[in-house]
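Close look at the chain arrangement
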Number of protein chains: 2
Amino acid sequence: MRSPTSKLTLTGRRTEVTASDAEQLLVSIFAGLGFASRASKQVAAHLVETSLCGIESHGIMRVLEYAKQVRTGYLDPTGTPSIQRDDRGVFRVEGGGGIGIPTMQLAYETGVEEAREKGISALSIRNVGHTGRHGAFADMAAEQGFLTICVGGGNRKTWRQVAPYGGTKALLPTNPWCVGIPGGDMGPVVLDFATSKIAGGWIYAARSAGALLPEGCIIDKEGNATRNPEDYFDGGAILSSGAQKGYALAVVGEIIGEAMLGPSTTECNWLLITLDTTRFREPGAIEASAEEVLAELRNCPPAPGFTQVEVPGERERNHHAASEGRIAVPDETWAQINKLAHNLGVANVSPPQPN
Amino acid sequence: MRSPTSKLTLTGRRTEVTASDAEQLLVSIFAGLGFASRASKQVAAHLVETSLCGIESHGIMRVLEYAKQVRTGYLDPTGTPSIQRDDRGVFRVEGGGGIGIPTMQLAYETGVEEAREKGISALSIRNVGHTGRHGAFADMAAEQGFLTICVGGGNRKTWRQVAPYGGTKALLPTNPWCVGIPGGDMGPVVLDFATSKIAGGWIYAARSAGALLPEGCIIDKEGNATRNPEDYFDGGAILSSGAQKGYALAVVGEIIGEAMLGPSTTECNWLLITLDTTRFREPGAIEASAEEVLAELRNCPPAPGFTQVEVPGERERNHHAASEGRIAVPDETWAQINKLAHNLGVANVSPPQPN
């Protein structure tokens, strides 16, 4: 079992939980929150898979946030995805104000189906809560030979977190981009990133841990560099990744989500483009050529401070393979999840022993 | 007339040239190099427009490089674009080993035409020389209501310039991304960037000017930070923009260009995706909503060291509007262009007076 990826040093202990125990507990919790059976299973499986990939920020700890969002009415536990093709030929996926993970799953599956038939497809995804780890969906599509580009935005009035390049005021959300494409011997190449220096969750995590953030990530309300998360909450902002380049990607995301697909209602609106790569070249030739490129990258001598050059998407799969079906959950997080289950009256899973 | 955007301080004088004089001279030069009449006009007009937009690195000075490429046989002056739809329904644009500007123009026009009919289109563009300023094509498509995404790669064996994130060795080209989308009152939002910290041309410019590069752009052969352009030529590399994020965008570009569209022959291969935004929402509503987003950004208080927050794509249009049809060309560059015309026996334009 590997340690998950973290931008902070957690000093507390961790509990080792099997994926099946975690999934069973999460399914019970989602059912207790009023989710339909199918949605409970889909969301629980997605969060557990994400934890097994080492992406703690999007893993099983999210159940706590989703539960809070259901309690406050922000998220409709009965909201279910639907899809229709309008009279202009556009596929519109609607999330019904529910959790976005089943909606995004449906969108990627439909995008692949349409692109398999027509070569390329574009879908609008709206009215959804949190949509989970997009890389998981992109990986699934790329495994079948499809290039996907998913970009969203449009919730800036609720989530003003990021300053435009050259500005002092948090105006934009962290509008992420996700691209997946078939790769070589080790599987697809998947990028899945926020257009900001860091995702918003790290600031909450730093505040809660009393930790400083890495340099160059946030500014205070006057636009000066700072590492103190409190400066963010006092009118500061996260900086764009790659200066004007991440900013430009975020603006495009906002125009797509708000202007082209909008108005936004719950969180971001999303555009998903799916393309059948096998129409361009035979799958075997794509994989052989990709492997040649990627092997060169993996074999590059590492720079000072690095142990190896990574290929985007491989870290998650390697972490999953090394996890042996076990997740290292911070004790405090696991206790909170169990408390939530207890409060919902669904705590019928015997708690695993601490490691 | 504004000064063009430059990462270096040029100490030499500049000559002011009218766009029509520059274009006439460039048309003659391209004809003298063996380009067909239509291609000569297209390429000359594109370079002049780019100079008027203030993008000096992609402007009229490129005629010197193209002439050299024709002389060495790298570029076929008679190579003309063609297009065909194969039996799998894929539109393949071929550049015939010629200059890529007319090819890219044809690709964007065809992409728009197809997307107008079907909602979305994807085109492969191969076997082309330099394809000019993609932002100009994206701007043209977005003015008509189309979202475009253009990404390329696949020429790494000739152009190993950029180190993968965490590596010391230059392995990848600067694989650029260009995205355009309809905007608000001031026109489309257009991003057009290399995935490296700086474009390769700046290193040549710094060496030639005896200047240091900005901090954090290149590393020496051991992977240590440096500002000296000679360290790049001595086995160093350009860094990725936005660390692992620009790197991931570059890897995706390389897999698209080399593995999916490849093998690459002349320079990059390109994938162009075009989408009709008006199928998703009425044009008036898109523009009104976009303007609301963009006005907020323009009105953001500037950070220390900045005078304003810009919207991607507006700087070029503002520069063009303020240019009054005149280009400030470094004396040395203008002299070289005139010398080239003289040597080709096409120097029939009376040289303008220095400013």
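Residues numbered from 1 in each chain as written. Chains lettered and ligands numbered in written order. Predicted model: local features only at pLDDT ≥ 70, side-chain atom pairs only at ≥ 80, totals over all residues. Heavy atoms only, no water.

**Section: the overall build of chain A**
- The helix and strand tally for chain A stands at 11 helices and 12 strands.
- Taken over the C-alpha trace, chain A has a radius of gyration of 20 Å; the compact-globule value for 355 residues is 20 Å, and the two agree within 12%.
- By principal-axis analysis of the C-alpha atoms, chain A measures approximately 50 × 50 × 45 Å.
- By residue count, 58% of the 355 residues in chain A fall in the buried class.
- Computing the positive centroid from 32 side-chain charges and the negative centroid from 39, chain A places the two 5 Å apart. (Helix = DSSP H or I, 4+ residues; strand = E, 2+ residues; numbered from the N terminus. Rg over C-alpha atoms; globule rule 2.2 N^0.38 Å. Buried < 20%, exposed > 50% of the residue type's maximum accessible area, 1.4 Å probe, protein only. Lys, Arg positive; Asp, Glu negative; His and termini not counted. Charge placed at Lys NZ, Arg CZ, Asp CG, Glu CD.)

**Quick look at the nonpolar core**
- Ranked by size, the top nonpolar core spans 94 residues in total, and within it L271(A), I273(A) and L271(B) carry the most contacts.
- Excluding residues within four positions of it along the chain, L271(B) makes contact with L147(A), L275(A), F280(A), A122(B), L123(B), I149(B), C150(B), V151(B), I256(B), M260(B) and L261(B). (Core = buried A, V, L, I, M, F, W, Y, C linked by side-chain atoms within 4.5 Å. Contact = heavy atoms within 4.5 Å.)

**Brief notes about the pairing of strand β4 (residues 120-126) of chain B**
Residues and elements named next belong to chain B.
- Summarising burial for β4: 7 of the 7 residues are buried, a large majority.
- Residue alternation in β4 divides its side chains into two sets, I120, A122, S124 and R126 and S121, L123 and I125, and both sets are buried.
- As paired strands, strand β3 (residues 91-94) and β4 are joined by 4 bridges and run parallel to one another. The residue of β4 that forms the bridge with F91 is L123. (Pairing = 2+ DSSP bridges.)

**A look at the packing of helix α4 (residues 101-118) of chain A against helix α5 (residues 134-143) of chain A**
Residues and elements named next belong to chain A.
- Where α4 contacts α5, the two axes come as close as 10 Å, and the packing angle between them is 25°. Relative to α5, α4 is oriented roughly parallel. For the element pair α4 and α5, the recorded crossing hand is right-handed. Every residue of α5 that contacts α4 at I101, M104, Q105, Y108, E109 and V112 is listed here: H134, F137, A138, M140 and A141. (Axes fitted to C-alpha atoms, helices over the stretch in contact; angles between N-to-C directions. Parallel < 35°, antiparallel > 145°, perpendicular 65-115°, else oblique. Left-handed = near helix turned anticlockwise from the far one by under 90°.)

**Considering the sheet that holds strand β8 (residues 218-219) of chain A**
Residue and element names in this part refer to chain A.
- The 3 strands lie next to each other as β9-β8-β10, forming an open sheet whose pairing is antiparallel. A single partner strand is all that each edge strand has here, and the edge strands are β9 (225-226) and β10 (237-238).
- Relative to β10, β8 runs antiparallel, the two being bridged by 2 bridges. Residue pairing across strands places I218 opposite I238, the latter belonging to β10.

**Notes on the relation of the copies chain A and chain B**
- Each copy superposes on the other: chain A lies on chain B with an RMSD of 0.0 Å after a rotation of 180° and an axial shift of 0.0 Å. Viewed as a symmetry operation, the transformation between the two copies matches a two-fold axis. Ranked by how close their C-alpha atoms come to the rotation axis, the residues of chain A are headed by G242(A), at 1.8 Å.
- When the interface residues of chain A are mapped onto chain B, 100% of them again fall at the interface, so both copies present the same face. (Least-squares fit on C-alpha atoms with pLDDT ≥ 70 in both.)

**Comments concerning the sheet that holds strand β10 (residues 237-238) of chain B**
Residue and element names in this part refer to chain B.
- Spatial strand order, β9-β8-β10: 3 strands in an open sheet with antiparallel pairing. Both edges of this open sheet fall to β9 (225-226) and β10, since each of them pairs with a single strand only.
- Relative to β9, strand β8 (residues 218-219) runs antiparallel, the two being bridged by 2 bridges. Note that in β9 the partner of I219 across the bridge is A225.

**Examining the confidence of the model for chain A**
Residues and elements named next belong to chain A.
- Taken over all residues, the pLDDT of chain A has a mean of 93, while the share at 70 or more is 95%.
- Here residues 351-355 scores under 50 on pLDDT; set against residues more than four positions off or in separate chains, the count is 12 contacts.
- The complex prediction reports pTM at 0.95, with the ipTM value standing at 0.95. (pLDDT = per-residue confidence, 0-100.)

**Comments concerning unusual backbone geometry**
- With omega at 0°, the peptide bond leading from G262(A) into P263(A) counts as cis.
- As for its placement among the helices and strands, P263(A) is situated in the loop between α8 (244-260) and β11 (269-276).
- Although it is not a glycine, E324(A) adopts a positive phi angle of roughly 50°.
- On the basis of relative accessibility, which here comes to 64%, the residue E324(A) falls in the exposed class.
- Phi at A243(B) takes a positive value of approximately 50°, unusual for a residue other than glycine.
- As for its placement among the helices and strands, A243(B) is situated in the loop between β10 and α8 (244-260).

**Remarks on helix α4 (residues 101-118) of chain B**
- The terminal C-alpha atoms of α4(B), which comprises 18 residues, lie 25 Å apart, in line with the 26 Å expected from a rise of 1.5 Å per residue.
- Downstream of α4(B) by a residue or two, G119(B) has a phi angle that is positive, lying close to 100°. (Expected span 1.5 Å × (residues − 1).)

**Focus on the side chain of N155(B)**
- In this structure, N155(B) sits in the loop between β5 (146-153) and β6 (177-184).
- When neighbours within four sequence positions are excluded, N155(B) is seen to be in contact with P173(B), N175(B), E254(B), S264(B), E267(B) and C268(B).

**Let's talk about the pattern of salt bridges**
Residues and elements named next belong to chain A.
- Enumeration over the complete set of coordinates arrives at 38 salt bridges over all chains.
- With a shortest N-O distance of 3.5 Å, K221 and D234 are connected by a salt bridge. One end of the pair, K221, is in the loop between β8 and β9; the other, D234, is in the loop between α7 (229-233) and β10, with 13 residues separating them in the sequence.
- What makes K221 partly exposed here is its relative accessible area of 46%.
- Under the relative-accessibility criterion, D234 is labelled partly exposed at 43%. (Salt bridge = Lys/Arg side-chain N within 4 Å of Asp/Glu carboxyl O.)

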